[in-house]
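# Notes for the structure review
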Amino acid sequence: MTSWVWLQVASKISSEDKSKIEKAVDEAMEWLDGNQLAEVDELEDKQKEIEQICSPIISKMYQAGQY
């Protein structure tokens, strides 16, 4: 996640939360590399896993007015 959006978000969250998001994304990318023929439901499950990690962090940032 090296986009402009990530750079903006990363500057507003704790290093611990940043590490959690980066780890989740890195693991998902590795999984995708090894499962290029995955079914749609498998991809959706992987997306949900990432969202479960990232959504609370992003919500916390918005609640703190740090966006």
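Read on for an overview of the structure. Because the structure is a prediction, the values reported are computed rather than measured. Note on numbering: residues in each chain are counted from 1, in written sequence order. Since the coordinates come from a predicted model, pLDDT governs what is reported: local features require at least 70, and pairs of side-chain atoms require 80 or more to be given and counted, while whole-chain, interface and lining totals use all residues. As a convention, hydrogens and water are excluded, and side-chain values are obtained from all of the structure's heavy atoms.

## What to know about helix α2 (residues 15–34)
By the criteria applied, helices consist of DSSP H or I runs no shorter than four residues and strands consist of E runs no shorter than two, each listed in order from the N terminus. A helix is expected to span 1.5 Å multiplied by its residue count minus one. With 20 residues, α2 ought to run about 28 Å at 1.5 Å a step, and its terminal C-alpha atoms sit 28 Å apart, in line with that. A simple rule labels every residue: compare its accessible area, found with a 1.4 Å probe on the protein chains alone, to the largest value its type can have, and call it buried under 20%, exposed over 50%, or partly exposed in between. Those residues of α2 not exposed but buried are Asp17, Ile21, Ala24, Val25 and Ala28. For α2, the angular spread of the buried residues around the axis is 95°, confining them to a single face. Structural note: α2 exposes Ser15, Glu16, Lys23, Glu30, Asp33 and Gly34 on the side pointing more than 90 degrees away from its buried face. The arc in question is traced by the directions running from the helix axis to the C-beta atoms.

## Description of the side chain of aspartate 17
Positionally, aspartate 17 belongs in helix α2. Residue classification places aspartate 17 among the buried positions, given a relative accessible area of 6%.

## Thoughts on a nonpolar patch on the surface
A cluster of nonpolar residues, Met29, Leu32 and Leu43, forms a patch on the protein surface that exposes about 250 Å² of accessible area. Within the secondary structure layout, methionine 29 lies in helix α2. Exposure above 30% relative accessible area and the absence of a salt bridge qualify a residue for a patch, where like charges join within 9 Å and nonpolar side chains (Val, Leu, Ile, Met, Phe, Trp, Tyr) within 5 Å. The protein chains shown are the only cover counted for residues, whose accessible areas, like all others here, come from Shrake-Rupley with a 1.4 Å probe. In the sections that follow, a salt bridge refers to a side-chain nitrogen of Lys or Arg positioned within 4 Å of a carboxyl oxygen of Asp or Glu.

## Examining the nonpolar core
The term nonpolar core refers to a set of buried residues drawn from Ala, Val, Leu, Ile, Met, Phe, Trp, Tyr and Cys, joined through side-chain atoms within 4.5 Å. Listed in full, the nine residues of the largest apolar core are Trp6, Val9, Ala10, Ile13, Ile21, Val25, Cys54, Ile57 and Met61. Mapped onto this core, the elements with two or more residues apiece are α1 (4–10), α2 and α3 (40–63).

## Some details on a negative patch on the surface
Within this scheme the basic residues Lys and Arg register as positive and the acidic residues Asp and Glu register as negative, but His and the chain ends are omitted. Charge placement uses NZ in Lys and CZ in Arg. For Asp and Glu, CG and CD serve respectively. Taken together, the side chains of Glu39, Asp41, Glu42, Glu44 and Asp45 make up a negatively charged region of the molecular surface. By secondary structure assignment, the location of glutamate 39 is in the loop between α2 and α3.

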